[in-house]
Amino acid sequence: MTGPITTERHGDILVIISNNPPVNALGSAVRTGLAAGIAEGLADDGVKAMVLRCEGRTFFAGADITEFGKPMTGPGLGEVIDAMEASTKPVVAAIHGTALGGGCETALGCHYRIAVPSAKIGTPEVKLGLLPGAGGTQRIPRIAGVPLALEMTAKGDPISARKALDAGLIDRLAGEDSLVEDAIAFARDIADVRPLPIASEKTATADPDAVAAFKKENGKRFRGFDAPAANIACVEKAADGSSFEEGIAFERQEFMKLMMGTQSAAQRHLFFAERQAAKIDGIAPDIALREIRKVGVIGAGTMGGGISMNFLSAGIPVTIVETQQEALDRGTGVMRKNYEGSAARGRIKPEQVEAAMGALTPTLDLSALADCDLIIEAIYENMDVKKELFAKLDTIAKPGAILASNTSYLNIDEMAAVTSRPGDVIGMHFFSPANVMKLLEVVRGAKTSDDVLATVMALGKKIKKVAVVSGVCPGFIGNRMLSPRQQEANKLLMEGATPEQIDRVHVEFGMPMGPFQMSDLAGVDIGWHRDPTRIESIRDALAAEGRWGQKKQAGFYDYDEKRNPTPSPRVAEIIEDFRSKSNLQKREISDQEIIEKTLYTMVNEGAKILDEKMAQRASDIDVVWIYGYGWPVYRGGPMFWADTEGLPKIVAALEKHGFTVAELLKSKAESGGKFNK
Ligand code: TC6
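Residues numbered from 1 in each chain as written. Predicted model: local features only at pLDDT ≥ 70, side-chain atom pairs only at ≥ 80, totals over all residues. Heavy atoms only, no water.

K.L.:
Explain the environment of Ile 348 here, please?
P.N.:
As for its placement among the helices and strands, Ile 348 is situated in the loop between helix H14 (325-344) and helix H15 (350-358). Overall, the relative accessible area of 22% leaves Ile 348 in the partly exposed class. Linking Ile 348 and Ser 313, residues 35 residues apart in sequence, is a C-alpha distance of 9.8 Å. Those residues in contact with Ile 348 that lie beyond four places of it in its chain are Tyr 339, Ser 342, Ala 343 and Val 353. (Helix = DSSP H or I, 4+ residues; strand = E, 2+ residues; numbered from the N terminus. Buried < 20%, exposed > 50% of the residue type's maximum accessible area, 1.4 Å probe, protein only. Contact = heavy atoms within 4.5 Å.)

K.L.:
Would you mind showing me how to read the layout of surface pockets here?
P.N.:
Rolled over the atoms, a probe sized like a water molecule indicates the empty space that remains. What the second largest pocket holds in volume is close to 1300 Å³. Taken together, 36 residues make up the lining of the second largest pocket; nearest its centre are Met 309, Ser 313, Ser 342, Asn 435 and Val 436. Elements with a minimum of two residues in the lining of the second largest pocket: helix H13 (302-313), H14 and H15. Here the lining of the second largest pocket takes eight residues from H14, the largest share from any one element. By residue class, the composition of the lining of the second largest pocket is 16 nonpolar, twelve polar and eight charged. (1 Å grid on protein atoms, 1.4 Å probe; cavity = no way out; pocket = protein on both sides within 12 Å on 5 of 7 lines; lining within 4 Å. Points joined across faces, edges and corners; volume = space filled by probe spheres on them. Nonpolar A, V, L, I, M, F, W, Y, C, P; charged D, E, K, R; others polar.)

K.L.:
How should the sheet that holds strand S9 (residues 172-173) be read in this particular structure?
P.N.:
What holds strands together in a sheet is hydrogen bonding between their backbones, with the strands either parallel or antiparallel. If you walk across this open sheet you meet the six strands as S1-S2-S3-S4-S6-S9, and the pairing is mixed. Every interior strand has two partners, whereas the edge strands, strand S1 (5-10) and S9, have only one. Bridging between strand S4 (residues 91-95) and strand S6 (residues 112-115) involves four bridges; their strand directions are parallel. By the bridge assignment for S6, Ala 93 is matched with Arg 113. On top of the sheet, helix H1 (residues 28-43) reaches S1, strand S2 (13-18), strand S3 (49-54) and S4; it is set at about 175° to S2, its chief contact. (Pairing = 2+ DSSP bridges. Axes fitted to C-alpha atoms, helices over the stretch in contact; angles between N-to-C directions.)

K.L.:
It is not clear to me how the UniProt feature "domain: 3-hydroxyacyl-CoA dehydrogenase NAD binding" (unreviewed entry) in the chain should be interpreted in this structure. Could you clarify?
P.N.:
When the UniProt feature table is mapped onto this chain numbering, "domain: 3-hydroxyacyl-CoA dehydrogenase NAD binding" (unreviewed entry) sits at residues 294-470. Measuring from the first to the last C-alpha atom of residues 294-470 gives 25 Å, for a span that is 42% helix and 20% strand. (UniProt positions renumbered as here; feature names shortened; annotations may be inferred.)

K.L.:
Just checking my understanding: could you explain H13 for this structure?
P.N.:
An α-helical segment advances 3.6 residues per turn. Residues three or four places apart therefore align on the same side. Taking 1.5 Å per residue, twelve residues should reach 16 Å; H13 reaches 17 Å between its end C-alpha atoms and fits that length. For H13, the complete set of buried residues consists of Met 303, Gly 304, Gly 305, Gly 306, Ile 307, Ser 308, Met 309, Asn 310, Phe 311 and Leu 312. Of the residues flanking the end of H13, it is Gly 315, one or two places downstream, whose phi is positive at about 80°. (Expected span 1.5 Å × (residues − 1).)

K.L.:
Got a minute to help me understand the environment of Leu 42 in this structure?
P.N.:
Positionally, Leu 42 belongs in helix H1. Given the relative accessible area of 34%, Leu 42 is considered partly exposed. Distance in space between the C-alpha atoms of Leu 42 and Gly 109 is 16 Å, their sequence separation being 67 residues.

K.L.:
What am I meant to see in the packing of aromatic side chains here?
P.N.:
Aromatic rings in a pair are described by how distant their centres are and how their planes are angled relative to each other. On inspection of all chains with the given rule, the structure shows 15 aromatic pairs. Residues Phe 509 and Trp 631 carry aromatic rings whose centres are separated by 5.1 Å and whose planes lie at 75° to one another, so their mutual orientation is edge-to-face. One end of the pair, Phe 509, is in helix H20 (residues 499-509); the other, Trp 631, is in the loop between helix H25 (618-629) and helix H26 (638-645), with 122 residues separating them in the sequence. The buried category is assigned to Phe 509, whose relative accessible area is 5%. Of the residues examined, Trp 631 reaches a relative accessible area of 1% and is grouped as buried. Each residue in the set Phe 431, Phe 509, Tyr 600, Trp 625, Tyr 629, Trp 631 and Trp 641 is aromatic and connected to the rest through ring pairs, giving one cluster. Here Arg 635 stacks its cationic end above the ring of Phe 509, 4.1 Å away from the centre of that ring. (Phe/Tyr/Trp six-rings, centres within 6.5 Å; stacked < 30°, edge-to-face > 60°. Lys NZ or Arg CZ within 6 Å of the ring centre and 35° of its normal.)

K.L.:
I tried to follow the UniProt feature "domain: 3-hydroxyacyl-CoA dehydrogenase C-terminal" (unreviewed entry) in the chain on my own but got confused; where do I start?
P.N.:
Within this numbering scheme, the UniProt entry marks residues 475-559 as carrying the feature "domain: 3-hydroxyacyl-CoA dehydrogenase C-terminal" (unreviewed entry). In residues 475-559, the share of helix is 52% and the share of strand is 4%. The end C-alpha atoms are 30 Å apart.

K.L.:
Looking at this structure, how should I read the nonpolar core?
P.N.:
Note that soluble globular proteins tend to have their nonpolar side chains buried in a common cluster. Of all hydrophobic cores here, the largest spans 70 residues; its most connected members are Leu 34, Val 51, Ile 95 and Leu 169. Once residues lying within four places of it in the same chain are set aside, the contact partners of Leu 169 are Leu 108, Arg 113, Ile 140, Ile 143, Ala 144, Leu 148, Met 152, Ile 159 and Ala 164. Core analysis: the next-biggest nonpolar cluster, separate from the first, contains 67 residues, Ile 502, Ile 621, Ile 626 and Trp 641 among them. (Core = buried A, V, L, I, M, F, W, Y, C linked by side-chain atoms within 4.5 Å.)

K.L.:
Any chance you could explain the sheet that holds strand S8 (residues 159-160) here in plain terms?
P.N.:
Strand order in the open sheet made by the three strands is S5-S7-S8, with mixed pairing throughout. The strands lining the two open edges of the sheet, one partner per strand, are strand S5 (98-100) and S8. As defined by bridge partners, strand S7 (residues 120-122) adjoins S8 across two bridges and the pair is classed as antiparallel. Residue pairing for S8: Lys 120 is matched across the bridge by Ser 160. Its contacts with the sheet place helix H3 (residues 102-109) against S5 and S7, and it is angled at close to 90° to S5.

K.L.:
Looking at this structure, I do not really get the site of the ligand. What am I missing?
P.N.:
In the region of the ligand, 25 residues are neighbours, and Arg 57, Ala 63, Gly 102, Arg 275 and Lys 279 sit closest. The backbone of Ile 65 places a nitrogen or oxygen atom 2.9 Å from a nitrogen atom of the ligand. Between the ligand and Lys 279 there is a distance of 2.8 Å, counted from an oxygen atom to a side-chain nitrogen or oxygen. Burial of the ligand by the protein amounts to 73% of the accessible area it has alone, namely 1000 Å². If you list the elements that add at least two residues to the shell around the ligand, you get S5, H3, helix H11 (244-260) and helix H12 (262-277). The biggest single contributor to the shell around the ligand is H12, with three residues. Residues of the shell around the ligand, tallied by class, amount to 13 nonpolar, five polar and seven charged. (Near = heavy atom within 4 Å. Polar contact = N/O pair within 3.5 Å; in protein donor to acceptor, adjacent residues only side chain to side chain. Areas by Shrake-Rupley, 256 points an atom, 1.4 Å probe, with all protein chains shown as cover.)

K.L.:
Just to check I follow, could you spell out the packing of H13 against H14 for this structure?
P.N.:
The angle between the axes and the distance between the axes are what describe a pair of packed helices. The interhelical angle for the contact between H13 and H14, taken along N-to-C directions, is 50°, at an axis separation of 10 Å. If you check the angle between H13 and H14, you find them oblique. Considering only the axes of H13 and H14, their crossing is right-handed. Packed against H13, whose contacting residues are Gly 305, Ser 308, Met 309, Leu 312 and Ser 313, the element H14 presents Met 335, Asn 338 and Tyr 339 at the interface. (Parallel < 35°, antiparallel > 145°, perpendicular 65-115°, else oblique. Left-handed = near helix turned anticlockwise from the far one by under 90°.)

K.L.:
Just to check I follow, could you spell out the side chain of Asp 540 for this structure?
P.N.:
Checked against the element boundaries, Asp 540 lands in helix H22 (residues 538-544). Polar contacts involving the side chain of Asp 540 include one to the main-chain amide nitrogen of Glu 536, which spans 2.9 Å. Setting aside anything within four residues of it in sequence, one finds Asp 540 in contact with Trp 528, His 529, Arg 534 and Ile 535.

K.L.:
Sorry, what's going on with the environment of Gly 37 here?
P.N.:
Mapped onto the elements, Gly 37 comes out in helix H1. Of the residues examined, Gly 37 reaches a relative accessible area of 0% and is grouped as buried. Sequence spacing of Gly 37 and Met 84 is 47 residues, and the spatial spacing of their C-alpha atoms is 9.8 Å.

Below is the structure:
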């Protein structure tokens, strides 16, 4: 046999081997080869049983996502799986790495499954806006029961081999280093056992109350997404007395609906966008990286503490510096509490708390950073203070150390200019809480060396962030786009919209919160000039009255002790007051106008960012907004969403409202182009 599938005889066992790097995706050639492999085993009287295994780092990690949306060639995966299940000779799946999606479904079409203890099994299709459409929604509940099937399909998180063993999804564990031998031995053990265990012949039952409870428990997580409900409906179908064939027909119909919709297109876009973001244009992927064995963090506040935790959790020791003992103790105390909280919730093992905290060296002495390979400053946002610090670091840091700023909008080049090594200076903009938020904006200064950039991007992956390269401009990618949104939201207040209406439109769109809810959470006083007599905006007026947001139980909303918001009559008065002073007439503002003014303007700013080459590609902007600001995943990020809205419609609305439209946006709209192909 040629192609990615080959076979090997081990006495009376035929081993079918897939070799389709990097992840053995089940593309057309693999499916064709698998069908041929099974046929070969059946045709050969000398073969008593078959083993299906994969070469390389993993068992089949799923259908080949790059084939989605294109005409199908070769047999469908469902057909291949049915042929395996129908084989009159037993087929054993030998699993290592990850058996995901179509890979998991292929394994369930085999009569038996053996896995190494480190293997993971799952159906993550829901994360691509899909469902396991090759029989997975029908076979998992029949083998493992409805509750686990709901968890696996509607949430999409993989389970360990041990959990799969307990649930019956795996029949036997192999030795970590002896999978092939153990699988062949297993195949010999069961070669003559009849009848063959066939998943589709089993039955499943569901407890309607448990299904209802599952939906309720996960209501928040599933909000706005189409795929979880479709997964749940399919699993319910498997347990409502319908035949397997009826279940498969229903599954197919639901799968096709999802596949044709924009949500799945958006989620598949994000899958590739996230991986694309790691690639740096113009830098060879094999460039030599600097070694980062020890990290220094300056500032033990919320940001500095959170940043440090990322490295400690990845096993990289951190020296953290503060100016006052009290602030240092407070900061490290918060870090310990966060780790202990994670241990209490079972997210990490108790010994990991001590391991992480044991690798932390708190100090008041800046010169203790002399042996660090990377130093990140997370002090307050003041250019003069930062410049002074960078000049000092230049004298302290060892040659080759990377000097980074966590600034969220200041100019990295100015900081680099006060050092004798601007090539070693870079921005690492973490998002709060820095130990939780996945986004890392990596700011490439005019003189940042290629290897420094590549090192920091690779380090981002190591600390489990999604790192995106940004150029130097005020606010970089994310905060720069936030700015027109906030500005327009403020103007809309003056013209007659309420904070509640604007926030509601954003939440209905799928954002975790609207602009005013976000102000209240972050603090209305952030960036305030602190002069209560100088009142030039609604925000100034709120800040002057001490309405600093949730922390004061008053901001754009009033809050009770549990921080539940209610619309504030006082804020309405303040807005009214401003409106009359500005001689503005209150008018009805539609939800659509709010979308056009706050979200289309973000797209416009994104286009300017691309035009100025501050982002490498439109999909990077999408990644920033999804991982840094909670843009709804099912809308694929602002630039992907713009494509689905239609660029001519966006341009027309922006022009109608008198905005200057970015050249790139205009030209794409005119030529029928899109931001994302
Ligand atoms: C499904 O199965 C539906 C079934 C119904 C059928 C009717 N296809 O993530 P990495 C590429 S839906 C094509 O960096 P890791 C990836 O783009 C699928 N390509 O590696 C990257 O390419 P690049 C359900 C794929 O070691 C390269 O492989 N399955 C696929 O960090 C390396 O990937 C999933 O959703 C694919 N399925 O993680 C699983 N998968 O180098 C998706 C990966 O050109 N995959 N690539 O950038 C994963 O979760 C992870 O890739 C991993 C490995 C955990 C398998």
